Amino acid sequence: MTNGIITVSKTILLLCFILFSKCIDAQTSFEITGQVKDSTAQPLSDAIIQVLRASDSTFIKSDFPNADGQFRISLTQSGDFYLVIQLVGYKTFESAAESINETKPVWQVGNITLLSNGQQLQTVQVVSKIPFAEKKIDRVTVNPDAMISNAGATALEVLEKAPGVQVDLNGNISLNGRQGVVIYIDDKPVYLGSSELASYLRSLPASSIAFIDIMTTPPAKYDAAGNVGIINIRIKKSKAEGLNGGFNVSYGQGFYHRTNNSINLNYRINKVNIFTNLSYNENNSYHDLTIERNYFNEAQELQTAFKQNTLIKNENKSATGRFGIDYYPNEKHTIGFLTSGFFERSDTYTTNVATIKNAEDALMTTVVALSPTRRDFVNGSGNLNYTWTLDSLNSQLSVNLDYSEYHSAMDQALLSKNYDPSDSLLSRTNLISKLPSDIQIATAKVDYSKPFHDGSRFDFGGKSSYIKTNNIAEFYDENDGILTINEDFSNQFEYEEKIQAGYINYSKEFKKISLQAGLRYEHTDIIGNQHGNSLHRDSVFTRTYDNIFPTFYAMYKIDTAANHILSFNYGRRIDRPNYQDMNPFTYPLDRFTLYAGNPFLQPTFSYNYELSYTLLNRYTATLYYSDVKNMISETIEQNTNIFYSRPGNIGKQQSYGIALSGAAELAKWWTLQFYTAVNYMDYSAKIYGQELNNTGTYWYIGPTNQFKFNDKLSAELGGSYQTRIVSAQFLLIPVATVRAALALNCLNNKGSLKLVLNDVFYTYQPGGDIRNLYQSTANWYSFFDSRVVTVAFGYRFNKGQVRSLRNVEGAEMEKSRVK
């Protein structure tokens, strides 16, 4: 009953917001109108129109003309502005400054003629001062091209510099100190585990990224998945006539070597556009991990002490490919097909030595274990899309059909030998396993967008998705070359999930106020089937749930020049369990640590609030608060001196803090990009009979100094530091890292050579404690292959007439849950 009342209340709130926006519609937004043609009076619909502030050339807004060359650009602030209009093959047009104010709200530029430059076509050079990070009503947009040192960088390196984003050496990406962010590529979620995602992002050159949207409260158009929000990477997609593209190669040397190489090609002829992206990567590294555990009796007296050192060597090779074709019957219709895939082979060699001592510190047992593992991970995806532009205001109807398959095969051996204090062999075990896994994802998505002359916009759409997984675990005990099936660990788990979703979204810009609100509805059906064997019975579980996800945004410009801006946003989010985490069976990581799934996992729901103040479109201070129910996190249980690692629900998590970010020009040649945050975390739950009340405050700072010595040579010095941080059952120790880079533009600025040194002082050494364990304590510390010197070279070429960009694909949320 209560949920129904809340749902109705949210719906009424949205309707009231729409009515309110209509009532104050009298505050007309400012506009710039005109038409762009060539010297033969043919319309130029592909020109890039930029609005710049006259006083300092600050970038305000950009747009494209319609099919007739006409443009209408809405502004939310008054002032003196000028236009820069560019099109490859034509001379750049720059207008005189013009005032727009309440007495003259419309600047009618009239007809603008672009003259051919009569030279070989070259890449457009943007003359405006585009900031590295821009605060918008519902997101922060990062422009990689604004940071010179991103030349030759990868997508992962760009993310490391983005405000509020942290990336560890395992590729885990967090936002404002919290995990649960979903990565999108061109509005499509990337459904990969952290290591596979990191490999893919390392293969994606920064030069291929148009911009990155960081959305802690994404609009209703996006899937509600992502506890802390979404990071959407938008890829540049050239529509220039002829052949265009670029390549990037790199070689890095730490203790082991690594190389990341990619090529991007685009070819357009007449009404057909063909594009492809290919990459090949090798990443070799090591992880030196030490674990200490102490076990106590009821009187809290030490009984035994356990210490294990594990050396893990990873050899990873991967290749990715993407091929697409767009067909343009006319200016209003586009039909596209996209196929993509990747192959990854990961060989891991694990050696660990464990010692067990009694309360008197006398050695009782030594265990030596060897565990070679090979994992092959293959993906293939296809997308069919259609876009219909309905009118001159760019109203659009788009349809996306997606299908993806993931196939994983892992072969592993766990050979353990147990020795007494005199090094005499007591026992030997060898557990052989084969772990194939298959995932199928099919989605269909329809979106409609309707902008209006008054600056408002209405969007609605729907999405249907179907997911099916099949996980098989075959374990065998090996003795004298004879394999016997192990029924304790062997199992088969099948999982099906159907999600039906619909959304509406409305936005409106006034003179000083911008408002946006949306509602998203998602219906979920789940079936899980655990097959039995001679030791375990079959088990089936089903779940059905319906949820409403509201979003609301407001932005207020305190002054007409928009030098002072206040903004607020609110949203409700969900995090569904990864498909493999629902598998209830147990399998060993080593003799003393077992991993188990959890079929009783509940989805995580979060309520996120943000209030921010932006000064001069350059410095932003943000207050944020998050209330999370049933947060999914790794949990640790100690039972008979064995540690069980499982995903579990943390009953409640609350966090709040303040963040400061910006870019300060300390000198003409020196710019400081900075982000710092102070955050308080509070976790409370009951885990395995133990009360969890874990709280703490942490501080993070990530400055990046950019030095531009001339048009060709630049450098960068940056790093990060994080104090102790609590995360559910874990207390993580402080970590710090420093990086340095040198970049040289060459070959008429089409090439870039970069030298990078990461973790200069070898200070990135994570570790921590595990809390709330039954009659035991545990801690760990690590050394990674983190100090790496890398040489990278990139080259790009571009010619032809640039056309407007289009983003496709709809299977966004589902892939992010594939491990």
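Preceding block: the structure.
## Things to note about the overall build of the chain
A tally of helices and strands in the chain yields 3 helices and 46 strands. In the chain, which comprises 819 residues, the share counted as buried stands at 52%. Taking the intrachain contacts of the chain between residues at least 6 apart in sequence as the baseline, contacts between residues at least 24 apart amount to 67%. As displayed, the chain offers around 35,400 Å² of accessible surface, 57% of which is attributable to carbon and sulfur atoms.

## Examining a nonpolar patch on the surface
Taken together, Phe 568, Tyr 609, Leu 611, Leu 623, Tyr 625, Tyr 656, Ile 658, Leu 660, Val 678, Trp 699 and Tyr 721 make up a surface patch of nonpolar side chains, about 940 Å² in accessible area. Mapped by element, the contributors of at least two residues to the nonpolar patch are strand E33 (604-615), strand E34 (619-639) and strand E35 (642-667). A total of 3 residues in the nonpolar patch trace back to one element, the largest contributor, which is E35. Within the secondary structure layout, Leu 611 lies in strand E33. Of the residues examined, Leu 611 reaches a relative accessible area of 42% and is grouped as partly exposed.

## Quick notes on the pairing of E34
Note that E33 and E34 share 11 bridges and pair antiparallel. Among the inter-strand pairings, Tyr 609 is bridged to a residue of E34, identified as Tyr 625. Between E33 and E34, which pair antiparallel in sequence order, lie 3 residues; one of them, Leu 616, sits at a positive phi of approximately 60°. Bridge count for E34 against E35 is 20 bridges, and the pairing is antiparallel. Residue pairing in the sheet places Tyr 624 in a bridge with Gly 657 of E35. Hairpin geometry of E34 and E35 is characterised by an intervening segment of 2 residues between the two adjacent antiparallel strands and by a positive phi of about 50° at Thr 640.

## Section: the sheet that holds strand E8 (residues 106-114)
As summarised here, the arrangement of the 3 strands in space is E4-E1-E8, forming an open sheet in which the pairing is mixed. Every interior strand has two partners, whereas the edge strands, strand E4 (70-75) and E8, have only one. Strand-to-strand twist across the sheet, computed as the mean angle between neighbouring axes with direction ignored, equals 20°. Bridging between strand E1 (residues 30-38) and E4 involves 6 bridges; their strand directions are antiparallel. Across the sheet, the residue bridging to Gly 34 is Phe 71, located in E4.

## Observations regarding the layout of surface pockets
Approximately 320 Å³ is the volume found for the second largest pocket. Of all the secondary-structure elements, those providing two or more residues to the lining of the second largest pocket are strand E23 (396-419), strand E24 (425-451), strand E25 (457-479) and strand E31 (586-590). Of the residues forming the lining of the second largest pocket, the biggest block, 5 residues, is contributed by E24. Residue classes in the lining of the second largest pocket are distributed as 5 nonpolar, 7 polar and 7 charged.

## So, empty space enclosed by the protein
Tallied over the full model, the rule gives 9 cavities of 30 Å³ or more. By volume, the second largest cavity amounts to about 120 Å³. Lining the second largest cavity are 13 residues, and of these Asn 176, Arg 178, Asn 608, Glu 610 and Tyr 624 lie nearest its centre. Classifying every residue of the lining of the second largest cavity gives 5 nonpolar, 6 polar and 2 charged.

## Considerations on the pairing of strand E15 (residues 209-215)
The buried fraction of E15 is high, at 5 of 7 residues. Relative to E15, strand E10 (residues 140-142) runs antiparallel, the two sharing 3 bridges. Across the sheet, Val 142 pairs through a bridge with Ile 212, a residue of E15. With 6 bridges joining them, E15 and strand E16 (residues 229-235) adopt antiparallel strand pairing. By the bridge assignment for E16, Ile 214 is matched with Ile 231.

## Some thoughts on the side chain of Gln 706
Its place among the elements puts Gln 706 in strand E38 (residues 704-708). Within the local environment of Gln 706, its side chain forms a polar contact with the side chain of Gln 673, the two groups lying 3.4 Å apart.

## Observations concerning the packing of aromatic side chains
Geometry of an aromatic ring pair is reported as the spacing of the ring centres plus the angle between the planes. Tallying each qualifying case throughout the model produces 27 aromatic pairs. A ring pair is formed by Tyr 184 and Tyr 222, whose centres lie 5.8 Å apart and whose planes are at 75°; its orientation type is edge-to-face. One end of the pair, Tyr 184, is in strand E13 (residues 181-185); the other, Tyr 222, is in the loop between E15 and E16, with 38 residues separating them in the sequence. Both residues of the pair, Tyr 184 and Tyr 222, count as buried. Residues Phe 247 and Phe 793 carry aromatic rings whose centres are separated by 6.0 Å and whose planes lie at 55° to one another, so their mutual orientation is tilted. With Phe 247 in strand E17 (residues 242-253) and Phe 793 in strand E46 (residues 788-797), this residue pair connects regions lying 546 residues apart in the sequence. By relative accessible area, Phe 793 is classed as partly exposed at 23%. Feature note: the residues Phe 247, Phe 793 and Tyr 795 constitute an aromatic cluster, connected by ring pairs. A cation over an aromatic ring shows up here: Arg 293 above the ring of Phe 643, its NZ or CZ 3.9 Å from the ring centre. Above the plane of the ring of Phe 377 lies Arg 375, whose end atom (NZ or CZ) is 4.5 Å from the centre.

Definitions and limits used
- Residues numbered from 1 in each chain as written.
- Predicted model: local features only at pLDDT ≥ 70, side-chain atom pairs only at ≥ 80, totals over all residues.
- Heavy atoms only, no water.
- Helix = DSSP H or I, 4+ residues; strand = E, 2+ residues; numbered from the N terminus.
- Buried < 20%, exposed > 50% of the residue type's maximum accessible area, 1.4 Å probe, protein only.
- Contact = heavy atoms within 4.5 Å.
- Areas by Shrake-Rupley, 256 points an atom, 1.4 Å probe, with all protein chains shown as cover.
- Patch = residues over 30% accessible without salt bridge, like charges linked within 9 Å, V, L, I, M, F, W, Y side chains within 5 Å.
- Salt bridge = Lys/Arg side-chain N within 4 Å of Asp/Glu carboxyl O.
- Pairing = 2+ DSSP bridges.
- Axes fitted to C-alpha atoms, helices over the stretch in contact; angles between N-to-C directions.
- 1 Å grid on protein atoms, 1.4 Å probe; cavity = no way out; pocket = protein on both sides within 12 Å on 5 of 7 lines; lining within 4 Å.
- Points joined across faces, edges and corners; volume = space filled by probe spheres on them.
- Nonpolar A, V, L, I, M, F, W, Y, C, P; charged D, E, K, R; others polar.
- Polar contact = N/O pair within 3.5 Å; in protein donor to acceptor, adjacent residues only side chain to side chain.
- Phe/Tyr/Trp six-rings, centres within 6.5 Å; stacked < 30°, edge-to-face > 60°.
- Lys NZ or Arg CZ within 6 Å of the ring centre and 35° of its normal.

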